[in-house]
Amino acid sequence: MTNRTASPKWLVVMSAMLACAVAQAFGRFTFALLLPAVKAELLSSYGLAGFIGTINVSAYLVGAIIVMVTARQFRPITILRVGMVLSTIGLFVLSSAHRPATLVAGMALAGIGGAFSYLPCPGLIASVYPPERRGFAMGLAAAGIGVGIVFSSQLTNVIRSVTNVPAEWRRVWRIEAGIGLAVVVLLVAVLVVPVSTVSGSPPRLEALRNVPKWKNLTFGYFTYGVAYIATFSYLVAMLEQQANFGHNHAVAMFAVVGVAVVPGSLLIGRWSDRVGRRVALVTCFVTGAVSSVAVLIASEPWVTLAVFAFGMMFGACVTVIAAYIGDHAAPTDFAPAFATITIVFGVGQAIGPQLGGWMIDQTGTFSWVFVGAGMFWLAGAFSMSGLRSRK
C-alpha cells in the first residue's frame, strides 16, 4: 500500500470509466464523427482518411503488444497514467491540426495511449474488487466507451449549432483534450490503489491453441475487427453525403451506437450463458451483417434500428468471445490466450479503415464499404458456427 489511504472502490471504477471514454471514444471514434468536416478542409481522398484511421488502430496494436510484453514489470495504475498522458497529448495535437501530417501524429499518439489506457483497467479493478464482483465493475468501466461516444456526438451538435461553422471540428478535440487533462490529474493526484504486481500476461500461442476450435474463434475475431471498424469509420460520412441525412441526424445515429453498447454487452453476455457461446456468436455476427447493410436503406426508422443493432453487436462480441475462452482455458491460460487473439483482432482493425477508404475512392460510393463489412460479418458467422457449443 501507499502511505495514503486507498481510494474508495467507486472512485476506481469511475476513473477507469473516464479513462475508457477518453482513450477509446475520444481518441479513436471521434475521428469518424468529424470525418466529413475534416475531409472537406484537410484531406484529398477517403483513401487518405482511411490511412489516418489505420494509423490510429495500428498504433493501438503496437501499444497493446508493448503492454502485453511488459505486463509483469509495471503496475496497472502506472501504465494507465502513461496512457492517459499520451491520449491527452494526442487529442491536443489533433485539435491543432492544419495539415494531414499533424492528424497522423495525433492519431498515432491517441492510438498508443488508447492501448496503454484501456488494457490495464481489468488489472486495476481486480486489485480492489473480489472475483464475484469484478465482471459487473469491469462492465461499468467499459460502459465509458459508450458514454464517451454519446458525449462526443452531443458535443459536436452543440458546437455546430452555436458556431454554425463545420470547420469548428478542432474545438471538439480541444474540449475532449481538456477532459483528458482533468482525468490525468485525477489519476495522478487523487486516485490511490493497492499495489498490484501484474497488469496482464504476455501473449502465448500455446495457451490459445488449448482452446477448442481456436482457429475458428481467431478467424472470427479477425473478421469482426475488419467489419466493425469499417462500418464505424464511415457511418457518419455515408449518412451525410450519400443518404442525405442532416448533420444533426447523422451525428445522432452515431450517438445511438454509443447508447446500444452497454445493453449489448450486458444482455447478450448473459444470454450466451443460457444458450451457449456458439449460438450467441453466430447470432451476433449475422445480426452485424444485416445491420451493416441495412443502413444503406437510408430511411427511418430502419437506419435507427440498424444502427442500434450494430451498437449492440459491437458491445457484445468481445464479451462473448472472452467468455468462450474463459469457458475452455485453464485459469492461468486465459490472459495469454486472450492477449494472443487480441493481436489478430488488432490486425483486422488496422485493415478495415484503409480498405474502406480505398473502396470509396475506387467506386465513388460508400455502399461497397457496408456491403463488404456485411460479407466479413458473414464469414465470421460461418467460422463461429464451428465452435464447440458447450463447455
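See the structure printed just above.
Residue indices follow the written sequence of each chain, beginning from 1 at its first position. Confidence filtering applies because this is a predicted model: local features only for residues at pLDDT of at least 70, side-chain atom pairs given and counted only at 80 or more, and all residues used for totals across whole chains, interfaces and linings. Excluding hydrogens and water, the side-chain figures rest on all heavy atoms present in the structure.

## Digging into the side chain of Lys39
- By definition, any uninterrupted DSSP run of H or I lasting at least four residues is a helix, any uninterrupted run of E lasting at least two residues is a strand, and each is numbered from the N terminus. In this fold, Lys39 is placed in helix α1 (residues 9–42).
- Each residue gets one of three labels from its accessible area relative to the maximum for its type: buried under 20%, exposed over 50%, partly exposed in between, using a 1.4 Å probe on protein chains only. Positive charge is attributed to Lys and Arg, negative charge to Asp and Glu, and no charge count is given to His or to the chain ends. Throughout this description, the term salt bridge denotes a Lys or Arg side-chain nitrogen within 4 Å of a carboxyl oxygen of Asp or Glu. With no salt bridge to any partner, buried Lys39 finds its closest opposite charge in Asp361, at an N-O distance of 6.5 Å.
- Discounting chain neighbours no more than four positions away, the residues touching Lys39 are Ser44, Ser45 and Tyr46. Should any heavy atoms of two residues lie within 4.5 Å, those residues are counted as being in contact.

## Structural notes on the packing of helix α9 (residues 214–241) against helix α12 (residues 302–328)
- Axes here mean lines fitted to C-alpha atoms, for a helix over just the part in contact, with angles spanning 0 to 180 degrees between N-to-C directions. Direction vectors running N to C along α9 and α12 enclose 155°, while the axes themselves pass 11 Å from each other. On the basis of their axis angle, the class for α9 and α12 is roughly antiparallel. Judged by the twist between their axes, the crossing of α9 over α12 is left-handed. Residues Leu217, Tyr221, Tyr224, Tyr228, Thr231, Phe232, Leu235 and Leu239 of α9 touch α12, and the partners they reach there are Val303, Val307, Phe310, Met313, Phe314, Cys317, Val318, Ile321, Tyr324 and Ile325.
- Partitioning the contact of α9 with α12 into residue classes produces 17 nonpolar, one polar and no charged. The cut-offs work like this: below 35 degrees is roughly parallel, past 145 is roughly antiparallel, 65 to 115 is roughly perpendicular, and the gaps in between are oblique. Less than a right angle of anticlockwise turn of the near helix away from the far helix marks a crossing as left-handed, whereas a clockwise turn marks it as right-handed. Note that Gly is not counted as nonpolar here; it falls among the polar residues with everything else outside the nonpolar set of Ala, Val, Leu, Ile, Met, Phe, Trp, Tyr, Cys and Pro and the charged set of Asp, Glu, Lys and Arg.

## Points about the packing of aromatic side chains
- Within 6.5 Å between ring centres, the rings of Phe, Tyr and Trp (the latter by its six-membered ring) count as paired, and their orientation is classed by plane angle as stacked under 30 degrees, edge-to-face over 60, tilted in between. The final tally for this structure, using the stated rule, is 20 aromatic pairs.
- Summarising the aromatic geometry, the rings of Phe29 and Phe232 are spaced 4.4 Å apart at their centres and angled 10° between planes, so their arrangement reads as stacked. In this pair, Phe29 sits in helix α1 while Phe232 sits in helix α9, placing the two residues 203 residues apart along the sequence. Side by side, Phe29 and Phe232 carry an identical accessibility label, which is buried.
- Aromatic pair Tyr228 and Phe232: ring centres 6.5 Å apart, planes at 80°, arrangement edge-to-face. In this pair, Tyr228 and Phe232 are both assigned in helix α9, four residues apart and thus about one turn of the helix distant. Neither residue differs from the other here; Tyr228 and Phe232 are each classed as buried.
- Three or more aromatic residues joined by ring pairs make a cluster, and in this case those are Phe29, Tyr221, Tyr224, Tyr228, Phe232, Phe254, Phe285, Phe310, Phe314, Phe345 and Trp377.
- The ring of Tyr60 carries the charged tip of Arg28 above its face, separated from the ring centre by 4.5 Å.
- When the ring centre of Tyr46 is taken as origin, the NZ or CZ atom of Lys39, which lies over that ring, is 4.9 Å away. Lysine and arginine charges are scored as sitting over a ring when NZ or CZ, respectively, is within 6 Å of the ring centre and within 35 degrees of the ring normal.

Shape is all these values report; function is a separate question.
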